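Report on the structure
Now for the letters of each chain:
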Amino acid sequence: MNLRHTLSVLAVLVFVAAFARGNSEPASQVQDRHLNILYWQAVSILNPYLSGGTKDIEAASMVVEPLAHYDENGGMVPVLAAEIPTLENGGVAKDLRSVTWKLKPDITWSDGTPLTAHDVAFSGAYCRHEEAGCAALASFADVSAIEALDDHTVRITFKVAKPWPYGPFVGSLSPIIQRQQFQDCLGARAQECTDQNFGPIGTGPFKVDEFRANDVINYSANARFREPGKPWFRTATFKGGGDAASAARAVLETGEYDYAWNLQVEPEVLERMVAARRGELLMGFGSQVERLIVNQTNDDSSLGDQRSLYLDGTNPHPFLSDPAVRRALSLAIDRQVLVEVGYGAAGRTTCNVLPAPAAYASAANEACKTPDPVEANRLLDEAGWARGGDGVRTRDGVRLSILYQTSTNSVRQGTQALIKQMWEAIGVETELRNIDAAVFFGADPASPDTFQKFYADIEMYTNNFQGTDPEVYMAGWACDQNPGPHNQWLGTNIPRGCSDEYDALVEQFSVTPPGEDRFRIAKRMNDIIVQNQFVIPLIWRATVSAQSSSLKGVRMNPWDSELWNIADWHR
Amino acid sequence: MPTEIPDTPRTHRSLWMDVWLTFRQHTGALIGVGVFATIVLAVFLGPFVHGVDPQYLDLQARNQGVSFAHPLGTDNLGRDTLAQVFAGGRISLAVGFAAMFLSLVLGTAVGTLAGYFRRLDGPLMRFTDLFLALPLLPLLLVIIMLFRDTLRNAFGPETGIFFLIVFVIGITSWMQTARIVRGEVLAIKEREFITAARSIGTRERRIVSRHILPNALSPIMVSATLGIANAIITESALSFLGLGFPPDFPTWGRLLFDGANFITITPARVLWPGLAISLTVLSVNYIGDGLRDALDPRLRDT
């Protein structure tokens, strides 16, 4: 062991350890008309129909476009469509069972061929194919047919009267792909078409020059883009990898990148970075809510493959099935502290899983914003949960001991520690676990650590919905959506709670036209979820991104892809 | 060993006495012992002097600098950095040493057997190659996923994970030691003193334990010292992936990792755990260096 060796060990330790999280990506030269975008989750595929990942959908949204977008206020703006079909202009049929879209004339794909209604019909067929495993299938709920009436008209027919017919082809989840390119990729072959999935031909402002999966995408401007003079940028690089803090640093402090996405970083850290004055933060409050999911089924590991399965209600959780416990857990949490420590201006306390749009937000649960540990203790005492010698409550041999999991992220671990201390005050023991985000959100049915498998008592993450209509989102908590082997654990009712009233409301909601009734039903559904504490909402989160000061024209959009108006970006 | 046969008339000294006398002359090693002892004492006795609960979140005192109540400041949740460094040190040192010991025992056993017994050489070294070729991270993931819940039920979340992590790091880091030891044993067993020992009828077991192992001690010591550092770092990597200790359970690696984002706000959060890891590794390396010299009969001052 010589000195050089020991010194190098020391040096490596100090540098590697301290800067392990610093993204060492060399600065791409910031040319005037070159745009550098950094998404710290790398893009793995450019076909939004085959990926549920926001990063993939947003990267693809620079290339392929839907018929209409949501703008930053949640209103719909036509993109490929000439106008938004409504009852008034006759686009939506009187019986609400079909909707007819007219395409703008003379739109061409980036390869020069014209866009037709057949491409739209094909895109629908592509996603609705039974073997395709399409991620956007929920957008096509209740669709019975999509047909091209002529080259510029497409009609979507529904099985039921659909008061909100804007599921298919509105928003970046379900864009139009080119029939000619994808016609051999239907069904089970969808995943095999690597060339197509990695380089879709689109109508959008950019086209893909090079795609390296899980690394980087190089785009150049689409010369045939329908709006002359746009996009302003000639080329763009879309880099993936790193973590939220290093992405923020790359834009705000070092200025290597022009735009960074999804910055869940402690407010004081962001504040320091903003003080460097090279960039600014963008925030938009959409429908994102950081929430605790309370497992209603038994997750005991001795149950083997019956763990966390609903099994028609025969597998209840040993103590979280007691409403008093769930209520006490929610009452003990001081949400304002969570916001101050972890989110700052990017978060607001909330008691609803459906906090926006405003018309849908229930006002019945505001009491939860004021923590009340005294009341929580009283509830638990009353329900017969007595404190043992170690301060943890027990009843009939069952200990209030919670395994609480979430994804690995500094802010989330902070929230975990805070909530643990709050629950200790009411005699609930908490064990924390954090899981790498790629695994936790990976949806791999073979992994025991996904949020869908939910082999824990409580878990925490954020969810939201695209667009402004919560129909699909709220339907996710219906009883038939319980995850399990029958649906590859892709069911969306993660808490596995069931309520007959809720299921009835879901059906009623899907046939109620926008207006007071629709708002009322949505609020009632929200209240059922929240007042039963199947889900404990914590924080209404803004979408936080960062842009360099030189970048102009960015309009932060929490309702659709953040890159929805990238054609207008300039310096 | 040759030096045990007194070739000059002098008072009899035991092997370990000799080792100590030589070791004492190695300044670096002595400093290493001092630093290391200080760290160990501080980590285990520190909580009696500075009795703050490392887990307690004091929201009135977030991101504090140095103060009397918090000698090293606090983190962004108001936890006391000094108390966390103490608590983290106990875990990191325990993991580092236990894992190092396990990998050392495994590596030395495999290496000696492979080097000494020709028949075992092929199979054992291919076995070692097999382990070297395994992608470690996926292997760790699988082991932890398979046994985490079983151990958690048997020993509780913290002890269970401790055993698992020590075991996992131990059985995935013995291969280098095995290879080095095998090479050393191969060279030593051809030496004259082995032939001599054999010629007077020494049993193989005795040859290995009395003649070969003491002479192979220096490379073993070197890999042991490196093993500690390696174990501490692997543990922090596992914690990062969410497979190590629970996130509120401080270890030096995790403190460093959590503090990295706050390096401009509260540098103490990165500085002290980083320094602790570096000093531990450095001092253990120096101790190993001194031991190597002291154990090498050719370098020993007789």
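Please read these numbers as outputs of a predicted model, since none were measured by experiment.

Now for the overall build of chain A. Looking only at helices and strands, chain A features 15 helices and 19 strands. Taken over the C-alpha trace, chain A has a radius of gyration of 25 Å; the compact-globule value for 571 residues is 25 Å, and the two agree within 12%. Dimensions of chain A along its principal axes, counting C-alpha atoms only, are 75 × 75 × 40 Å. In chain A, which comprises 571 residues, the proportion classed as buried is 58%. Taking the contacts inside chain A whose residues are at least 6 apart along the sequence as the reference set, 68% of them involve residues at least 24 apart.

Attention now moves to the layout of surface pockets. Volume-wise, the second largest pocket comes out at about 920 Å³. In this structure, the second largest pocket is lined by 38 residues; those nearest its centre are Ser401(A), Ile402(A), Glu429(A), Glu431(A) and Arg152(B). Elements with a minimum of two residues in the lining of the second largest pocket: strand 15 (398-399), strand 16 (401-407), helix 11 (410-424) and strand 17 (429-435) of chain A together with helix 5 (136-155) and helix 6 (157-171) of chain B. Of the residues in the lining of the second largest pocket, the class split is 13 nonpolar, nine polar and 16 charged.

Turning next to the state of the cysteines. Residues and elements named next belong to chain A. Going through the model one piece at a time under the given rule, you end up with four disulfides over all chains. Here Cys-185 engages in a disulfide with Cys-193; their sulfurs sit 2.0 Å apart. Since a negative S-S torsion denotes a left-handed disulfide, the Cys-185-Cys-193 link at about -105° is left-handed. Put simply, Cys-351 and Cys-368 are joined by a disulfide, and their sulfur atoms are 1.9 Å apart. Sign of the S-S torsion, about -100° for the bond between Cys-351 and Cys-368, identifies this disulfide as left-handed. Note that Cys-351 is positioned in the loop between strand 12 (347-349) and helix 10 (373-382) and Cys-368 in the loop between strand 12 and helix 10, a separation of 17 residues in sequence. Exposure class is identical for Cys-351 and Cys-368. Each is buried. The cystine pairing of chain A, numbering bonded cysteines in sequence order, is 1-2, 3-4, 5-6, 7-8.

Turning next to the pairing of strand 8 (residues 216-221) of chain A. Residues and elements named next belong to chain A. Of all six residues that make up strand 8, five are buried, and the element is covered over most of its length. As consecutive antiparallel partners, strand 7 (residues 206-212) and strand 8 are separated by three residues, and within that stretch Asn-214 has a phi angle of approximately 60°, a positive value. Summarising the sheet, strand 8 and strand 9 (residues 235-240) pair through five bridges and their orientation is antiparallel. Bridging from a neighbouring strand, Val-216 pairs with Lys-239 of strand 9.

Residue and element names in this part refer to chain A. With the rule as written, the count across this model stands at 33 aromatic pairs over all chains. Measuring from ring centre to ring centre gives 6.2 Å for Phe-122 and Tyr-126, while their planes differ by 40°; the resulting arrangement is tilted. In this pair, Phe-122 and Tyr-126 are both assigned in helix 3 (residues 117-128), four residues apart and thus about one turn of the helix distant. Both rings, one in Tyr-126 and one in Phe-182, keep their centres 5.7 Å apart while their planes meet at 70°; by these two values the pair is edge-to-face. Taken together, the positions of Tyr-126 in helix 3 and Phe-182 in helix 4 (residues 179-182) put the pair 56 residues apart, joining distant regions of the chain.

Further remarks concern the interface of chain A and chain B. Buried accessible area, meaning the area lost when the parts come together, often serves as the stated size of an interface. Taken together, the contacts link 42 residues of chain A with 44 residues of chain B. When chain A packs against chain B, the two sides together hide about 3,800 Å² of surface, and 58% of this comes from carbon and sulfur. The tally of links from chain A across to chain B stands at four salt bridges. Between Lys420(A) and Asp248(B) there is a salt bridge, with its nearest N and O atoms 2.5 Å apart. Our count for the chain A to chain B interface comes out at seven residue pairs in polar contact (both at pLDDT 80 or more). For the side of chain A that touches chain B, the elements supplying multiple residues, two or more each, are helix 1 (3-19), helix 6 (244-252), helix 7 (267-274), helix 9 (335-342), helix 11 and strand 17 of chain A. The dominant element in the side of chain A that touches chain B, judged by the number of residues it contributes, is helix 1 of chain A, at 10 residues. For the side of chain A that touches chain B, a count of residues per class yields 19 nonpolar, 11 polar and 12 charged.

All names here are of chain A. Within the secondary structure layout, Met-460 lies in strand 18 (residues 458-463). Sequence separation between Met-460 and Thr-415 is 45 residues; the distance between their C-alpha atoms is 9.6 Å. The contacts of Met-460, once residues within four sequence positions are left out, are Glu-290, Arg-291, Leu-292, Tyr-404, Gln-405, Thr-406, Ser-407, Arg-412, Thr-415, Gln-416, Phe-440 and Leu-538.

This next bit is on the pattern of salt bridges. Residues and elements named next belong to chain B. Going through the model one piece at a time under the given rule, you end up with 34 salt bridges over all chains. Of the charged contacts in the structure, one is a salt bridge between Asp-121 and Arg-182, with a shortest N-O distance of 2.7 Å. Pair noted here: Asp-121 is in helix 4 (residues 118-133) and Arg-182 is in helix 7 (residues 175-188), with a separation of 61 residues, a long-range link. With relative accessibility at 23%, the residue Arg-182 sits in the partly exposed group. We note a salt bridge from Asp-129 to Arg-179, for which the minimum N-O separation is 2.6 Å. Of this pair, Asp-129 sits in helix 4 while Arg-179 sits in helix 7; the two residues are 50 residues apart in sequence, bridging distant segments of the chain. You can call Arg-179 partly exposed: its relative accessible area is 42%.

Right, let's get into the confidence of the model for chain B. With 93% of its residues at a pLDDT of 70 or more, chain B shows a mean pLDDT of 85. On the interface metric, ipTM, the complex scores 0.80, and its pTM is 0.82.

Below, the discussion takes up the nonpolar core. All names here are of chain A. The biggest cluster of nonpolar side chains holds 96 residues, and the ones touching the most others in it are Met-62, Trp-101, Tyr-219, Phe-238 and Tyr-259. In terms of residues, this core owes the most to one element, helix 6, which gives seven residues. Residue-level mapping places this core at the junction of two domains, with at least three residues from each of domain 1 (33-278 + 549-568) and domain 2 (284-383 + 395-543).

Further remarks concern the domain arrangement of chain A. All names here are of chain A. When the domains of chain A are assigned, the result is domain 1 (33-278 + 549-568) and domain 2 (284-383 + 395-543). Taking only C-alpha atoms, the centre of domain 1 and the centre of domain 2 are 29 Å apart. Contacts between the two partners involve 22 residues from domain 1, matched on the other side by 30 residues from domain 2. Across the domain 1/domain 2 interface, buried area totals approximately 2,100 Å², and carbon plus sulfur atoms make up 58% of it. When residues of domain 1 are sorted by the area they lose upon contact with domain 2, Trp-164, Gln-264 and Trp-559 head the list and together hold 36% of the total. We note a salt bridge from Glu-471 to Lys-162, for which the minimum N-O separation is 3.2 Å. The interface formed by domain 1 and domain 2 contains five residue pairs in polar contact (both at pLDDT 80 or more). For the side of domain 1 that touches domain 2, the per-class residue count stands at 11 nonpolar, six polar and five charged.

Our next topic: the environment of Leu146(B). Residue and element names in this part refer to chain B. Examined against the element boundaries, Leu-146 turns out to sit in helix 5. The class for Leu-146 is exposed, based on a relative accessible area of 55%. Counting along the chain gives 28 residues from Leu-146 to Arg-118, while the straight-line C-alpha distance between them is 36 Å.

About the thresholds
- For every chain, the first residue of the written sequence is number 1, and numbering continues from 1 onward in sequence order.
- Going through the entries in the order they are written, you letter the chains from A and number the ligands from 1.
- This being a predicted model, a pLDDT of at least 70 is required before a residue's local features are given, and a value of 80 or more before pairs of side-chain atoms are given or counted; all residues contribute to the totals for chains, interfaces and linings.
- Excluded from the side-chain calculation are hydrogens and water; included are all heavy atoms of the structure.
- Only DSSP runs of H or I covering at least 4 residues are called helices, and only runs of E covering at least 2 are called strands; the numbering of each starts at the N terminus.
- Based on C-alpha atoms, the radius of gyration is set beside the globule rule, defined as 2.2 Å times the residue count to the power 0.38.
- Between buried and exposed lies partly exposed: a residue is buried under 20% and exposed over 50% of the maximum accessible area for its type, with that area taken using a 1.4 Å probe on protein chains only.
- Residue contacts are defined here by distance: any two heavy atoms, one from each residue, within 4.5 Å place the two residues in contact.
- Cavity: a set of points on a 1 Å grid over the protein atoms alone where a 1.4 Å probe fits but cannot get out. Pocket: an open set with protein on both sides within 12 Å along at least five of seven lines, its lining residues, like those of a cavity, having an atom within 4 Å of a point.
- Grid points are joined across faces, edges and corners, and a volume is the space filled by probe spheres set on the points.
- Classes in brief: Ala, Val, Leu, Ile, Met, Phe, Trp, Tyr, Cys and Pro nonpolar; Asp, Glu, Lys and Arg charged; the others, Gly included, polar.
- Note that a disulfide, as used here, is simply two cysteine sulfur atoms within 2.5 Å.
- Strands qualify as paired when DSSP identifies two bridges or more between them.
- Here is the rule: rings of Phe, Tyr and Trp (six-membered ring for Trp) pair when centre to centre is within 6.5 Å. Planes less than 30 degrees apart are stacked, more than 60 are edge-to-face, and the remainder are tilted.
- Note: buried area is the sum, over both parts, of the accessible area (probe 1.4 Å) each one loses when the two are combined.
- By salt bridge we mean one thing: a side-chain nitrogen of Lys or Arg within 4 Å of a carboxyl oxygen of Asp or Glu.
- Here a polar contact is taken to be a pair of N or O atoms separated by no more than 3.5 Å, where protein atoms must pair a possible hydrogen donor with a possible acceptor and residues adjacent in sequence count only if both atoms sit in side chains.
- Confidence scores here are pLDDT values: one per residue, from the predictor, ranging 0 to 100.
- Residues enter a nonpolar core if they are buried and are Ala, Val, Leu, Ile, Met, Phe, Trp, Tyr or Cys, with the set joined through side-chain atoms within 4.5 Å.
- In this document the domain limits rely on a domain assignment from an automatic tool or a database.

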